[in-house]
Amino acid sequence: MGQWERFLEPYKQAVSELKIKLKGMRTQFEIENTNSPIEFVTGRVKPLASIYDKSLGKGIVFEPSDTLAKEIPDIAGLRMMCQFVDDIETVVEMLRARKDIRVVEERDYISNKKQSGYRSYHMIIEYPVQTIHGEINILAEIQIRTLAMNFWASIEHSLNYKYKGVFPEEIKKRLQYAAEAAFRLDEEMSLIRGEIQEAQKYFSANKELSTPR
Ligand code: 0O2
């Protein structure tokens with residue numbers, strides 16, 4: 001088995017386990033018939049090509065090592081999408097209270113958006129993975145953001161890939177306008193949050209009634 005395969009295996013395990021656990025939080029809200037602050041959850045192990053790029057950027061040797069694991073804390077990455085900005089704080093507090101993870105760092109790119117226009121809340125956590133040789137703690141990153149923040153970030157990420165980080169001035173400007181528009185969309189949705197959630201509760205109750213058993 002390759003060195004990288006062996007190194008990445010616990011990260012794969014962590015992403016699978018955490019995906020189940022975080023999706024479980026949403027299911028519990030559904031069962032209790034309460035509006036869920038979590039809309040959906042995704043997870044991935046960072047592709048080797050991205051680990052390579054990142055190690056190059058940070059000046060770390062590209063080999064499986066503790067240094068690399070520490071310097072690139074998002075090898076295991078989870079994303080939790082919320083409908084409303086206020087839901088993010090709710091999710092963050094629920095994560096801080098969990099007994100199966102330890103929060104080691106938090107980065108608030110919502111109060112302090114990045115120059116690019118990027119907004120999201122990041123938590124670096126330590127998570128214990130059980131292996132045949134015992135328990136090991138690995139780092140993972142959980143990004144918590146609204147649907148609008150996620151839409152913007154995924155579009156910008158694809159463009160970033162296309163332009164290799166060097167955007168033409170016009171595109172850069174457009175992306176900043178788009179980030180502004182996403183911010184305003186979040187604000188507008190927050191203002192009618194009560195209306196939306198009432199409608200969603202009504203909709204899911206009716207769906208349940210019409211679902212054949
Ligand atoms: P990928 O492909 O998503 O894995 P540092 O400069 O070291 O302090 P670092 O390590 O980049 O910062 O960490 P940071 O800033 O917390 O960002 C980590 C991840 O956040 C990125 O991972 C992206 O997923 C996301 N992110 C941060 N800034 C931006 C941005 O301007 N646009 C978009 N679309 N996403 C961003 P990767 O490894 O860069 O990418």
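Residues numbered from 1 in each chain as written. Predicted model: local features only at pLDDT ≥ 70, side-chain atom pairs only at ≥ 80, totals over all residues. Heavy atoms only, no water.

Enquirer: How should the overall build of the chain be read in this particular structure?
Expert: In terms of regular secondary structure, the chain is built from seven helices and five strands. Beginning at the N terminus, the succession of helices and strands in the chain can be written as α-β-α-α-β-α-β-β-β-α-α-α. Across its three principal axes, the chain shows a C-alpha extent of roughly 55 × 50 × 30 Å. Relative to its full complement of 213 residues, the chain shows a buried share of 34%. Accessible area for the chain stands at about 13,400 Å²; split by element, carbon and sulfur atoms hold 54% of it. Counting 31 positive and 32 negative side-chain charges, the chain places the averaged centre of each group 4 Å from the other. (Helix = DSSP H or I, 4+ residues; strand = E, 2+ residues; numbered from the N terminus. Buried < 20%, exposed > 50% of the residue type's maximum accessible area, 1.4 Å probe, protein only. Areas by Shrake-Rupley, 256 points an atom, 1.4 Å probe, with all protein chains shown as cover. Lys, Arg positive; Asp, Glu negative; His and termini not counted. Charge placed at Lys NZ, Arg CZ, Asp CG, Glu CD.)

Enquirer: Even after reading the chapter, I still don't get the pattern of salt bridges, so can you show me in this structure?
Expert: Between side chains of opposite charge, pairing is possible as soon as their charged atoms come close. According to the stated counting rule, one finds 14 salt bridges in the structure shown. Here Arg26 makes a salt bridge to Glu39, at a shortest N to O gap of 3.8 Å. A residue pair is termed long-range when its members are at least 10 positions apart, and Arg26 in helix α1 (residues 3-31) and Glu39 in the loop between α1 and β1 (40-45) qualify at 13 residues. With a relative accessible area of 26%, Arg26 lands in the partly exposed category. Note that Arg107 is salt-bridged to Glu105, the shortest N-O span being 2.9 Å. Bridged by salt links that share partners, the residues Lys21, Arg98 and Asp100 form one connected network. (Salt bridge = Lys/Arg side-chain N within 4 Å of Asp/Glu carboxyl O.)

Enquirer: Would you mind going over helix α5 (residues 147-163) with me for this structure?
Expert: Within an α-helix, residues lying three or four positions from one another point in the same direction, as the helix has 3.6 residues per turn. With 17 residues, α5 extends 24 Å between its outermost C-alpha atoms, agreeing within 8% with the 24 Å of an ideal straight helix rising 1.5 Å per residue. The complete set of buried residues in α5 reads Ala148, Met149, Asn150, Trp152, Ala153 and Glu156. Structurally, α5 contributes buried residues whose contacts are with β1, β2 (76-82), α4 (85-97), β5 (134-146) and α6 (169-191). Trailing α5 by a residue or two, Lys164 shows a phi angle of about 50°, which is positive. (Expected span 1.5 Å × (residues − 1). Contact = heavy atoms within 4.5 Å.)

Enquirer: Got a minute to help me understand the site of the ligand in this structure?
Expert: Taken together, 17 residues lie around the ligand, and Lys46, Lys58, Lys114, Ser116 and Glu156 are the ones closest in. Here Arg44 contributes a side-chain N or O atom positioned 2.9 Å from an oxygen atom of the ligand. The side chain of Tyr109 places a nitrogen or oxygen atom 3.0 Å from an oxygen atom of the ligand. Coverage of the ligand by the protein chains reaches 72% of its 760 Å² of free accessible surface. Mapped onto the shell around the ligand, the elements with two or more residues apiece are α2 (48-58), β5 and α5. (Near = heavy atom within 4 Å. Polar contact = N/O pair within 3.5 Å; in protein donor to acceptor, adjacent residues only side chain to side chain.)

Shape is all these values report; function is a separate question.
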